[in-house]
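Structural features, examined
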Amino acid sequence: MNFFHPLMHNNFTTGDTKAAIKLLRKKNIILTQSSNVEKFEKTWSKWLGVKYSVFVNSGSSANLLTIRILKILKGDGEVIVPALTWVSDISSVIQNNLKPVFVDINPKNLCMSEKDIIAKINKKTLAVFISHIQGFNGLTNKLLKLLKRKKIILIEDVCESHGAEFNNKKLGSFGLISNFSFYYAHHMSTIEGGMICTNDVKIYNLARMLRSHGMAREMGSKKSENKIIKKYKKLSPKFIFLHSAYNFRNNEIGAVIGLNQLKSLDYNNKIRTNNFKIFISNIDSNKYRTDFDLKGSCNYAFPLILKKASFKNRKILELTLTKKKIEFRRGNAGGGNQLRQPYLKKYTKNINLNKFREVEHIHFFGYYIGNYPSLKKDKIIKICRILNSINYKN
Ligand SMILES: Cc1ncc(COP(=O)(O)O)c(C=O)c1O
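Read on for an overview of the structure. Bear in mind that the values here come from a model prediction, so they are computed numbers and not experimental data. (Residues numbered from 1 in each chain as written. Predicted model: local features only at pLDDT ≥ 70, side-chain atom pairs only at ≥ 80, totals over all residues. Heavy atoms only, no water.)

Right, let's get into empty space enclosed by the protein. With the rule as written, the count across this model stands at two cavities of 30 Å³ or more. By volume, the largest cavity amounts to about 40 Å³. Of all the secondary structure elements, the ones that give two or more residues to the lining of the largest cavity are α3 (59–74) and β5 (153–157). Considered class by class, the residues forming the lining of the largest cavity number seven nonpolar, no polar and no charged. In this structure, the second largest cavity encloses a volume near 30 Å³. Contributing to the lining of the second largest cavity are L7, M8, A185, Y300 and Y368. (1 Å grid on protein atoms, 1.4 Å probe; cavity = no way out; pocket = protein on both sides within 12 Å on 5 of 7 lines; lining within 4 Å. Points joined across faces, edges and corners; volume = space filled by probe spheres on them. Helix = DSSP H or I, 4+ residues; strand = E, 2+ residues; numbered from the N terminus. Nonpolar A, V, L, I, M, F, W, Y, C, P; charged D, E, K, R; others polar.)

We now examine the nonpolar core. Formed by 69 residues in total, the largest nonpolar core has its most connected members in Y288, L304, L317 and L387. The contacts of L304, once residues within four sequence positions are left out, are I283, Y288, L317, L321, F365, G366, Y367, Y368, I369 and L387. Within the second largest apolar cluster, 35 residues are counted, among which are W47, I152, L259 and L262. (Core = buried A, V, L, I, M, F, W, Y, C linked by side-chain atoms within 4.5 Å. Buried < 20%, exposed > 50% of the residue type's maximum accessible area, 1.4 Å probe, protein only. Contact = heavy atoms within 4.5 Å.)

What follows concerns a positive patch on the surface. A cluster of basic residues, K22, K26, K39 and K263, forms a positive patch at the surface. Of note, K22 is situated in helix α1 (residues 14–25). Looking at K22, the relative accessible area reads 62%, which means it is exposed. (Patch = residues over 30% accessible without salt bridge, like charges linked within 9 Å, V, L, I, M, F, W, Y side chains within 5 Å. Areas by Shrake-Rupley, 256 points an atom, 1.4 Å probe, with all protein chains shown as cover. Salt bridge = Lys/Arg side-chain N within 4 Å of Asp/Glu carboxyl O. Lys, Arg positive; Asp, Glu negative; His and termini not counted. Charge placed at Lys NZ, Arg CZ, Asp CG, Glu CD.)

Bringing the pattern of salt bridges into the picture now. One pass over the structure, following the stated rule, counts 11 salt bridges. Residue K71 pairs with D76 through a salt bridge whose shortest N-O separation is 2.8 Å. We classify D76 as exposed; its relative accessible area is 59%. For E327, the salt bridge is made with R329, and the minimal N-O distance between the two is 3.7 Å. Look at E327 and you get buried, because its relative accessible area is 17%. For R329, a relative accessible area of 39% corresponds to the partly exposed category.

This is the structure we're talking about:
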């Protein structure tokens, strides 16, 4: 369908095409994971302000490897997760036989409610796996202090919030591990792709190994590898598998595209942040929510959330968006309340949805529409006029 306002526009540039073609024209090229992947990881680490990054084939793979690392390092226990997030943030927990403990969201930033996290921490809590939803920061000083005091691991999912900040520091540089996605719909793209970031060398080496079949030769340190080779004398030195793992590697084409995209990320994010302000100051705050916590935020989408919980109004809104060719998704991140999804049935039998009021509102009455760098002010005003002129029922 040809949309008047799509969710994303031009996220793959002629510069990206040129970078890929330049690579493909080289003689004796290697296209599987090699020096460009390493260069992208180093450049990304520098941009983010962390020591190490591991480029993988998706944000979901980053989630799964991260929780596998948590399991290897900490064993069994509970992981506090948001009810509003992407499916892989929760499936990664259950696939590693850890227990997901769900919390409601803060309506001002759509991220986990600080109050609910604090209420659900107990002796079995290994980690809080926060998702910074649609460009909003979900961290608070109180939460960071508490997690530090209780020695609970913070893992950040920044797949929807590249470049957003808290206390003037980029999100993804606070947690023990952080994850990014470079899927087409996000702030920048490598076609498909993800990144695992950390300051901890042990975690970095584990992530590298788990990304590549659990092979010892991927462990990042020659000294450690030689020790392993000596220990397993009867094994072929290049084929020692220390963990049952995956092949989650990305490739050189993704890496050169990523390097090129990263050059314009900060500039594009400034436009997105400015666009967001134009949306907020032009949309009718009697009909839609506008009281978001914008400090440090950087949104690739505009959250269009009906103030009133009304199925009749929801129908009117969806009909208008469809008629006016404004592409939308209901439920904001990941389609809304994960607790309602069939894959979680076994875990949610005894959960009372009335205790998840905020995510429930988003599930039924929350949407997002596009906020991409090529979006111009007059178009945003036009979109707001369309949305404001809808006659909702009281
Ligand atoms: C919060 C969050 N985490 C993880 C992912 C997974 O990323 P990918 O699509 O690259 O697998 C997404 C994807 O949209 C996401 O929004």
